[in-house]
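# Residue-level structure breakdown
Chain by chain, the residues:
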Amino acid sequence: TRAQFTSAFVALYRIANAWMIRTQFDPDEYWQTLEPAYCLAFGSVTKETSDASSLDYGNTKVDGQHLYGCALTWEWTRRWTPSSQSSASSPSTPQKQTTIHDTIHSLIEQAMHGPVRSYVSILPTYWYYLGCRYLFRWVEVFDAPTNNVGYYLSHFHAYLKHFVDRHASYIISKGPAFVNAVLVAAPTDLSVWLIASHLSTLDHSHIQLPKHKLLWPFWALFCSLASWFHGYALSRTYANSFETVCLLVGVALLCPELFGDPSVRQTFHRPQKKLAFVLGGLSACVRFTTLAAWIPLGLIISFRSGCLCNKEGNTQRVNYKSMIDTLFGICAMYGAAGVVIGCIIDRYFYGFWAIPLLGNFHFNVVLGNGSLYGTHPAFWYIYAGLPAICGAMLPFFILEVMVLCRVSVLQLRMFFSRQPTSTNNSTTPAAVNIRQKHRDYTNPNTSGRMILLWIIVPYTLLHSLSAHKEFRFLLPILPLICILVGHAIFQLTNDTDADVDGNNTSKEPDSTKSVPIHLVVVGMILLNVPHLIYLSVIHQRGPIALNQLLASVINEVSRDKTDGLYSVHYLMGCHSAPVYSHLHIPNISVSAWHLDCSPECRSDSEAVCECDAFSADPLSFIKTVYVGRRDINVCIGDDLSSCSGGLGTTETPTFVALMQDDASKIDNQLSSVLGMSHIASIRHTVKYLSWHDRQPCTHSPRCHDVVSLFSLVDIHFDHIEVYQLFPISN
């Protein structure tokens, strides 16, 4: 059927999209999903500790699998520390009996000062890693029979084991992206198609378009698939991607309540309605800011459930009891049920009761620590965020918003002027015109698009209140924008007239007033695909290529060895590269360390984070950490052991990775003092452009940094430099 074909096509498209992505957008796609999921499946962190301080990099095995490394950021290890007043009190002081109020207050305090990340969004990745673990275990312990029948099975087993051993790092690092493409990105695209399909059936005009004309659902799905930001971010393992699929699937499930005929009262106990708000509760566990979309959804559904209208869209009476029942009996209750399910999941993985929803709110809103990681002006989402993620869709989106705003103004004008409506049977031209306008402005098609806009607007405005802003925070509303843009393109490309609100009014084709379909398709592709390819293949590719190189080198060196131990130090920006989730090598233990940039040191004016200390003076940092010639105030106070990893004066790692500019300052120190050799220079991103230099590059050792484009422009790249310690100890 058409639905099955569409689903298969979208899934394959998103898998290909995930395969094409070879770059890093933001560290959170790894540190908020891959790394904690890897800790649960392969690492040595237990539910009781949930801390990276007790790692075992030795040869201990569990279920035939080595305990590999584990790295958790402060978002997962944040804990509540009770005040010491009770412990410092005299033993003779009578103890106050604990009341229910004290217990609840203690739980809230623990939740507010506890973890800020939920395990709900990493479940697909965690289940995938569990499957990989069982696969690796089966490959290790499987013994093929030796009879004639087992001859071919033995060869297959040998081939499978060789394949898994050689590609284990890729299976672990890239596999979650394919899972996300099928379980997150594809359902989001299909939800866009379903919502647009439902809205397209509500048009009062019932125009019969020629078969060759492309309808609204096609254009909405096309916009979703062609969007550069969807292609760049939706398939990545972000918590924002999980929030997006929950919102879009929820809206698709709520279509009858949101966009249905106002004269038909929807079934109160419809299971899809309850499931939608359960998804909303789970989404709120992951990111509490998603409530900016779900609260308007609940209010709209509650209002529509109690507003009984006739077929003309006129409100006959308001049933406040039905509104309250829907608001609290469906929206709030099943949303709270989703939150409870999320808390139970977090209780299982954390080992104690945690409410990351409150922890996230406390850290970002109460303490305002989100601004430690960058700030933007209040209206940045309006003049930069939305235009950037919309890209080529921006003109169509502005057109659709202008149309809907004009409809809203005209509706208010008609309401306050109390002009006669279609109930008036007058046949005068003025009355006929009024009735036609009333039918147009109460069209469920128009009201449905208005509802989508009423989800987009408060979501954007409420996110604008936060000082810390990022493009990916707007990802959940981009599919809704695609639906509106799809309608605008549909109206521009069909052969019918349209009134001010975008409703069809002409039954006769008029090709002179339509935009050629091929012009829109080619234009959208040309304005989205080139920079999508650049961002997915070239821009910030260094961290991924770096770990691929390290895994390959370690695999080659340790081919004839077992139970080797290797260490990698990432002397780069804050969490600038994934670690263990991209360095999985069977039977090889790799320890990784990165510079600290936790809120504890960022919020302390007297402390210097490790990442800031290294950027300010790489040579002094190297002397302090690896050589120990002098002390500097790093991280928190003068105690270096308080920093992430507890380095102080430490052994020289097997590999060191750092940016090109920093490497040029300490190259001699790494070679002469630490005994390391430069083994690779990995292209990271475009540094700057210049006119082509016709003189051959022979005088500089960095000639490979420049790529000439048509002998007109020189592209200068920034690199990540990799150093290796020789010889490698067993």
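Residues numbered from 1 in each chain as written. Predicted model: local features only at pLDDT ≥ 70, side-chain atom pairs only at ≥ 80, totals over all residues. Heavy atoms only, no water.

### Remarks on the overall build of the protein chain
Helix and strand content of the protein chain: 26 helices and 10 strands. Residues counted as buried form 51% of the 730 residues belonging to the protein chain. Partitioning the intrachain contacts of the protein chain with sequence separation of at least 6 by distance along the chain shows that 78% fall at a separation of at least 24. Accessible surface computed for the protein chain: about 34200 Å², of which carbon and sulfur atoms make up 62%. (Helix = DSSP H or I, 4+ residues; strand = E, 2+ residues; numbered from the N terminus. Buried < 20%, exposed > 50% of the residue type's maximum accessible area, 1.4 Å probe, protein only. Contact = heavy atoms within 4.5 Å. Areas by Shrake-Rupley, 256 points an atom, 1.4 Å probe, with all protein chains shown as cover.)

### Section: the state of the cysteines
Tallying each qualifying case throughout the model produces three disulfides. A sulfur-sulfur distance of 2.0 Å marks the disulfide that ties Cys39 to Cys70. Its torsion about the S-S bond being 105°, the disulfide of Cys39 and Cys70 is classed as right-handed. Taken together, the residues Cys39 in helix H2 (residues 28–41) and Cys70 in the loop between strand S2 (65–66) and helix H3 (74–77) connect sequence positions 31 residues apart. With a relative accessible area of 3%, Cys70 lands in the buried category. (Disulfide = S-S within 2.5 Å.)

### Quick word on the pattern of salt bridges
Counted according to the given criterion, the structure contains 12 salt bridges. Look at the salt bridges and you will find they share partners, linking Asp26, Asp28, Glu470 and Arg472 into a network. (Salt bridge = Lys/Arg side-chain N within 4 Å of Asp/Glu carboxyl O.)

### Considerations on the packing of aromatic side chains
This model, assessed by the stated rule, comprises 29 aromatic pairs. Considering the side-chain rings of Tyr159 and Phe163, the 6.4 Å spacing of their centres and the 25° angle between planes classify their relative orientation as stacked. One end of the pair is Tyr159 and the other is Phe163, both in helix H7 (residues 149–200) and four residues apart, which spans about a single turn. A network of ring pairs unites the aromatic residues Trp76, Tyr119, Tyr126, Tyr348, Phe349, Tyr350 and Phe352 as a single cluster. Lying over the aromatic face of Phe717, Arg683 brings its terminal NZ or CZ to 4.3 Å of the ring centre. (Phe/Tyr/Trp six-rings, centres within 6.5 Å; stacked < 30°, edge-to-face > 60°. Lys NZ or Arg CZ within 6 Å of the ring centre and 35° of its normal.)

### Topic: the side chain of Ser598
Within the secondary structure, Ser598 sits in the loop between strand S6 (589–594) and helix H23 (599–602). Judged by its relative accessible area of 11%, Ser598 falls in the buried class.

### Some remarks on the environment of Ser591
By the secondary structure assignment, Ser591 is in strand S6. As a C-alpha pair, Ser591 and Tyr566 span 25 residues in sequence and 6.3 Å in three-dimensional space.

### A short note on helix H6 (residues 123–141)
A rise of 1.5 Å per residue sets the reference length of H6, with its 19 residues, at 27 Å; its end C-alpha atoms lie 27 Å apart and thus fit the reference within 8%. Taken together, the buried positions of H6 are occupied by Leu123, Thr125, Tyr126, Tyr129, Cys132, Arg133, Phe136 and Val139. (Expected span 1.5 Å × (residues − 1).)

### Here we look at the pairing of S6
For S6, the tally of buried residues reaches six of six residues, placing the bulk of the element in the interior. Here S6 shows two buried faces, one formed by Ser589, Ser591 and Trp593 and the other by Val590, Ala592 and His594. Inspection of the sheet shows strand S5 (residues 565–571) paired to S6 by six bridges, in the parallel sense. Residue pairing for S6: Ser567 is matched across the bridge by Ser591. (Pairing = 2+ DSSP bridges.)

### Some remarks on the pairing of strand S9 (residues 706–709)
For S9 and strand S10 (residues 713–725), the ladder comprises four bridges, and the chain directions are antiparallel. Bridge pairing in S10 places Leu709 opposite Val713. The turn joining S9 and S10, which pair antiparallel and follow one another in sequence, is formed by three residues; a positive phi near 55° is taken by Phe710.

### Quick notes on helix H15 (residues 356–366)
Listing the buried residues of H15 in full gives Pro356, Leu357, Gly359, Asn360, His362 and Phe363. On its buried side, H15 packs onto H3, helix H5 (100–112), helix H12 (271–286), helix H14 (320–350) and H23. After H15 finishes, the residue Gly368 shows a positive phi value of roughly 70°.

### Here's the deal with the environment of Ala16
Assignment of secondary structure puts Ala16 in helix H1 (residues 2–20). You can call Ala16 partly exposed: its relative accessible area is 42%. Between the C-alpha atoms of Ala16 and Phe178, which are 162 residues apart in sequence, the distance is 8.7 Å.

### Focus on unusual backbone geometry
Here the phi dihedral of Gln540 falls at roughly 60°; this positive angle occurs in a residue that is not glycine. Structurally, the position occupied by Gln540 is in the loop between helix H21 (517–537) and helix H22 (542–557). Using a relative accessible area of 23% as the deciding quantity, one classes Gln540 as partly exposed. Positive phi, normally seen in glycine, also occurs at His575, with a value near 50°.

### Section: the packing of helix H8 (residues 216–226) against H21
Look at H8 against H21: their axes get within 10 Å of each other, and the N-to-C directions meet at 20°. One finds that H8 runs roughly parallel with respect to H21. In this structure, the crossing between H8 and H21 has a hand that is right-handed. The residues of H21 that touch H8, namely those facing Trp219, Phe222, Cys223 and Ala226, are Ile517, Val520, Val521, Met524, Ile525 and Asn528. Taken together, the residues of the contact of H8 with H21 sort by class into nine nonpolar, one polar and no charged. (Axes fitted to C-alpha atoms, helices over the stretch in contact; angles between N-to-C directions. Parallel < 35°, antiparallel > 145°, perpendicular 65-115°, else oblique. Left-handed = near helix turned anticlockwise from the far one by under 90°. Nonpolar A, V, L, I, M, F, W, Y, C, P; charged D, E, K, R; others polar.)

### Focus: the packing of helix H10 (residues 239–253) against H12
The geometry of a pair of packed helices is captured by two quantities: the angle between their axes and the separation between those axes. Packing of H10 against H12 brings their axes to within 9 Å, and their N-to-C directions diverge by 165°. Our classification of the angle between H10 and H12 gives roughly antiparallel. Viewed along their axes, H10 and H12 form a crossing whose handedness is left-handed. When H10 is examined against H12, the residues Ala239, Phe242, Glu243, Cys246, Val249, Gly250 and Leu253 are found in contact with a partner set consisting of Gln272, Leu275, Ala276, Leu279, Leu282, Ser283 and Val286.

### Quick look at the side chain of Asn360
Inspection of the secondary structure assignment puts Asn360 in helix H15. Overall, the relative accessible area of 6% leaves Asn360 in the buried class. For Asn360, the residues in contact, after removing those within four places along its chain, are Val116, Arg117, Val286, Phe288 and Val365.

### Examining a nonpolar patch on the surface
On the surface, Phe379, Ile382, Tyr383, Val457 and Leu461 cluster together into a nonpolar patch covering about 520 Å² of accessible area. Secondary structure elements with two or more residues in the nonpolar patch: helix H16 (380–390) and helix H19 (444–464). For Ile382, the position within the fold is in helix H16. (Patch = residues over 30% accessible without salt bridge, like charges linked within 9 Å, V, L, I, M, F, W, Y side chains within 5 Å.)

### A few points about the confidence of the model for the protein chain
Note that predicted coordinates carrying low pLDDT should not be read in detail. Of all residues in the protein chain, 76% have pLDDT values of 70 or greater, and the mean over the chain is 80. Confidence drops under a pLDDT of 50 for residues 420–424, and excluding neighbours within four residues, the segment shows 10 contacts in the predicted structure. Ignoring residues within four places in sequence, the model shows residues 629–648, a span with pLDDT below 50, making 47 contacts including any to other chains. (pLDDT = per-residue confidence, 0-100.)

### Observations regarding the environment of Glu470
Looking at the secondary structure, you find Glu470 in the loop between H19 and helix H20 (478–493). For Glu470, a relative accessible area of 16% puts it in the buried group. Along the primary structure Glu470 and Gly385 are separated by 85 residues, whereas in three dimensions their C-alpha atoms are 7.7 Å apart. The residues contacting Glu470, other than those within four sequence positions of it, are Asp26, Trp380 and Tyr381. Engagement of the side chain of Glu470 in a polar contact is seen with the side chain of Arg472, the distance being 2.7 Å. (Polar contact = N/O pair within 3.5 Å; in protein donor to acceptor, adjacent residues only side chain to side chain.)

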